[in-house]
Amino acid sequence: MTTKTWDNSTNSFFNAADWSPTGTPQPGDTAIINAGTVGVSGTSLQALTFQIKASSSASPTLALSDAVVGVGTVLASAATSGTVRINAAGTVVNQGVISFTGPTTAQFTTSLANGANGAPGLLRNLGSIAAINASPYFVASAAGQALENDGTISLWNPSRGFQIATIGPAVTGTGTLLMNAYTQAELVQGIGAGQTIQFLNGTAGHALLQIDQASGFHGTVSGFVQSDTLTLVNAPYTGYSYSPTDASHGVLTLTNGSALVASLAFSGAYQTSDFNLGFTDLGGGRSITQITTTAASSAQAFNITDVTLGQSTTDQGAAYNGPVSYLQHQFIWNSPDGAAIATSASNSFLHGGSGDDALSVSSGQNVLDGGGGSNFLVGGKGADGGADTFFVDGRGGVVTWSTIVNFHHGDMATIFGFTAGTSTLPLTASDGAAGYQGATIHSELGGAGTGVNGSVTLAGLSLADVQNKLTMTTGNTGGADYLLISYTG
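A brief structural summary. (Residues numbered from 1 in each chain as written. Predicted model: local features only at pLDDT ≥ 70, side-chain atom pairs only at ≥ 80, totals over all residues. Heavy atoms only, no water.)

**Brief notes about the overall build of the protein**
Summing up its helical and strand segments, the protein has 1 helix and 49 strands in all. When its C-alpha atoms are laid out on the principal axes, the protein stretches across 75 × 65 × 40 Å. In the protein, once contacts between residues fewer than 6 apart in sequence are set aside, the share between residues at least 24 apart is 51%. Summing over all exposed atoms, the protein offers an accessible surface of approximately 19,100 Å²; the carbon and sulfur share of this is 52%. (Helix = DSSP H or I, 4+ residues; strand = E, 2+ residues; numbered from the N terminus. Contact = heavy atoms within 4.5 Å. Areas by Shrake-Rupley, 256 points an atom, 1.4 Å probe, with all protein chains shown as cover.)

Shown next, in the form of C-alpha cells:
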C-alpha cells in the first residue's frame, strides 16, 4: 500500500511517470491529486483511495469517461477554497464512495457530458455519494443526461453552516436521497418514482428540499416532520388535500383551479390538517410554495452512525408496516455505507444495507436483518422473555462472516444461500472477533471445494451448546435456499 502524488500535469491516470513515486497506483494505494487533470477512460478503478484536494491556487480535475469507480474505491474530495472538478463523460458507474468535504468557500462540481458516440451522459450511482458540510453541484450540460441513483446520496451538515446540494440532471433509479439536519438540496429537473427522499432529522431537523419542477417530482418523501420544508418553485395553488393510500402512505395533491399542480407521495401517517402551505410571489413570473407539517418528531429511538463517512445522527424511525404482528417500529438503512444502528425501542425491525453493518436491539421481540456484507447482530438478552429473529445473507458471490450476539432460547437465525445437499456445514468450536468468539459455521455455500464464503459465529456458545440446544433445518422460500437455526434447548 503506497501513497502516490500526481505531478499536476494533464495526462492519463496510467502514465506512470506522472506519479511520485513512479508507477501507476495499484489496488490498495492512495492517489493524491492536488492540481492538474487526471484522465480515466474505459476502465475500472478497483480498491483505490483518491484524495482530491483543491486550494486557492489550484483546482484539480478527475476526468472520467465511460469508466467505473469500483467496489472499495473512494473518491474523497476536500477543500476549504478553490474548486474540485469531477467530469463524467459517457456512462460513468460508481460502485464505491464519492465524497465532498468542505465549507461553501470551496466548490465541488460534477459535470456530465455526452459520450464519444453522442449518447447522453449518465452517472449511475450504485454506491454512495456524500456531501459533508459541502455544497456539490451536479451539472447537466445537455438534454437527456441523467443521474441514475440506485444507491444513496447523503447530505450531512455537522457544522450547521450554509450548505446546499444542487442536482441538475434528472434523477432516475431506485435509490435514496438522505437528508440530515440542517441540509438543503435542490432538484432542478424531475425525479423518478423509484427515489426516496429520507429526512433523518436527529434532534434538530431544519432540512429543506427545493423542487424546481413540481409536476416532475414522482419520488416518495419519508420522515418529514416539524421544521422540515419542501419548497416548490413556480407552483401556485388554490387548494390542497392529503389522501392516504394505506395506513402509512399517502399523497398530498395541490391544484390550481381544476389544474393539477403536484402530487407528492409521503411515507408516514398524515392527514390534510397536518400540512401548512404558504405562497410567496417573487415577481417577474416567479413564485415559491412552501410546505411544512405540524407532525412532531417522536422520541429519537434509533442511533445511527455511518461508519464509512464517520457521521452520526438519531432518528425516530417509522411505524412497522410489514406482515409480522408483534413488530411496532422499523428503521431501514438503504445505503451501501457500513453503519452501526442501535435502538432502545422494543419490538423493532432493523434492516442493514449492502455494506458491513452492526445492528443492536435491547428488549422485546425483534427482527434484525443484516442485508448483504458481513454483519454484527446483537439481540436482546431475553430477560424480559423476548426472542429475536436474525437474517444473514450469504448470496451474491462475496465472502461474508457475520456474528450473532446474545443468541438464546427462542431465538432463530436464517442463513440465506445455504442449499441442502450442496452447502457444507462444518463447525468450529471457537472462532470470531476477540471478545465475541463462539461456535462458528464456516460453510462452502457453493459446495465442497468451492471455498468458504459464508461464516456465522454464535458468540458465547460452545460446540456442546450447538449440539444439544440448537436445531438446524433447511428449506426454500420464494426460490431462496436457507438454513434455519433455532435455539430450542
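**Describing the sheet that holds strand E43 (residues 400–405)**
Strand order in the open sheet formed by 9 strands is E34-E33-E37-E39-E41-E43-E47-E46-E45, and the pairing between neighbours is mixed. The strands lining the two open edges of the sheet, one partner per strand, are strand E34 (311–315) and strand E45 (427–431). Averaged over all pairs of adjacent strands, the angle between their axes in this sheet comes to 15°, without regard to strand direction. Here strand E46 (residues 438–443) pairs with strand E47 (residues 454–459) via 6 bridges, running antiparallel. Note that in E47 the partner of serine 443 across the bridge is glycine 454. (Pairing = 2+ DSSP bridges. Axes fitted to C-alpha atoms, helices over the stretch in contact; angles between N-to-C directions.)

**Comments concerning the environment of alanine 318**
Mapped onto the elements of the fold, alanine 318 is located in strand E35 (residues 318–319). We classify alanine 318 as partly exposed; its relative accessible area is 36%. The spacing of alanine 318 and leucine 350 is 32 residues in sequence and 11 Å in space, taken between C-alpha atoms. For alanine 318, the residues in contact, after removing those within four places along its chain, are Gln328, His329 and Gln330. (Buried < 20%, exposed > 50% of the residue type's maximum accessible area, 1.4 Å probe, protein only.)

**Observations regarding the pattern of salt bridges**
Close approach of charged atoms lets side chains of opposite charge pair. Going through the model one piece at a time under the given rule, you end up with 4 salt bridges. When the shortest N-O distance is used, the salt bridge between glutamate 148 and arginine 124 registers 3.1 Å. A residue pair is termed long-range when its members are at least 10 positions apart, and glutamate 148 in strand E18 (residues 146–149) and arginine 124 in strand E15 (residues 122–125) qualify at 24 residues. A salt bridge links aspartate 465 to lysine 469, with the shortest nitrogen-to-oxygen separation between them at 3.5 Å. Of this pair, aspartate 465 and lysine 469 are both found in helix H1 (residues 463–469), 4 residues apart, which corresponds to roughly one turn of the helix. The buried category is assigned to aspartate 465, whose relative accessible area is 17%. Using a relative accessible area of 31% as the deciding quantity, one classes lysine 469 as partly exposed. A cluster of three or more residues bridged by salt bridges with shared partners is formed by Arg124, Glu148 and Asp150. (Salt bridge = Lys/Arg side-chain N within 4 Å of Asp/Glu carboxyl O.)

**Notes on the nonpolar core**
Grouped together as the largest cluster of nonpolar side chains are 68 residues, with contacts concentrated most on Leu64, Leu209 and Phe266. By residue number, the principal contributor to this core is strand E30 (residues 259–267), which donates 4 residues. (Core = buried A, V, L, I, M, F, W, Y, C linked by side-chain atoms within 4.5 Å.)

**What to know about the pairing of E15**
The two faces of E15 differ: Leu123 and Asn125 on one face are buried, but Leu122 and Arg124 on the other face are not. Across 4 bridges, strand E12 (residues 91–94) lies against E15 in parallel orientation. Across the sheet, threonine 91 pairs through a bridge with leucine 122, a residue of E15. Alignment of E15 against E18, held across 4 bridges, turns out to be parallel. Bridge assignment links leucine 123 to a residue of E18, and that residue is leucine 147.

**Structural notes on the packing of aromatic side chains**
Following the criterion strictly, the structure yields 22 aromatic pairs and no others. When the centroid spacing of 5.7 Å and the interplanar angle of 75° are considered together, the rings of phenylalanine 13 and tryptophan 19 count as edge-to-face. Each member of the pair, phenylalanine 13 together with tryptophan 19, is buried. Taken together, Phe199, Phe224, Tyr242, Phe266, Tyr270 and Phe275 form an aromatic cluster joined through their ring pairs. (Phe/Tyr/Trp six-rings, centres within 6.5 Å; stacked < 30°, edge-to-face > 60°.)

**A look at unusual backbone geometry**
A cis geometry characterises the amide bond from serine 20 onward to proline 21, with omega recorded as -5°. The backbone phi angle of asparagine 234 is positive, close to 50°, even though this residue is not glycine. With respect to the helices and strands, the residue asparagine 234 is situated in the loop between strand E27 (229–233) and strand E28 (239–246). By relative accessible area, which is 38% here, asparagine 234 ends up partly exposed.

**Focus: the side chain of threonine 30**
Along the polypeptide, threonine 30 turns up in strand E4 (residues 30–33). With near-sequence residues (within four places) excluded, threonine 30 lies in contact with Thr2, Thr3, Lys4, Thr49 and Gln51.

**Observations regarding the environment of isoleucine 32**
Positionally, isoleucine 32 belongs in strand E4. Owing to a relative accessible area of 13%, isoleucine 32 belongs among the buried residues under this scheme. Sequence separation between isoleucine 32 and threonine 3 is 29 residues, and the spatial gap between their C-alpha atoms is 7.4 Å. Setting aside residues no more than four positions away along its own chain, isoleucine 32 makes contact with Thr3, Lys4, Thr5, Trp6, Trp19 and Gln51.

**Comments concerning the side chain of serine 248**
Inspection of the secondary structure assignment puts serine 248 in the loop between E28 and strand E29 (249–256). Since its relative accessible area comes to 13%, serine 248 is described here as buried. Of the polar contacts made by the side chain of serine 248, one reaches the side chain of asparagine 321; its length is 3.4 Å. Leave out the neighbours within four places in its chain, and serine 248 touches Phe266, Ser267, Gly268 and Asn321. (Polar contact = N/O pair within 3.5 Å; in protein donor to acceptor, adjacent residues only side chain to side chain.)

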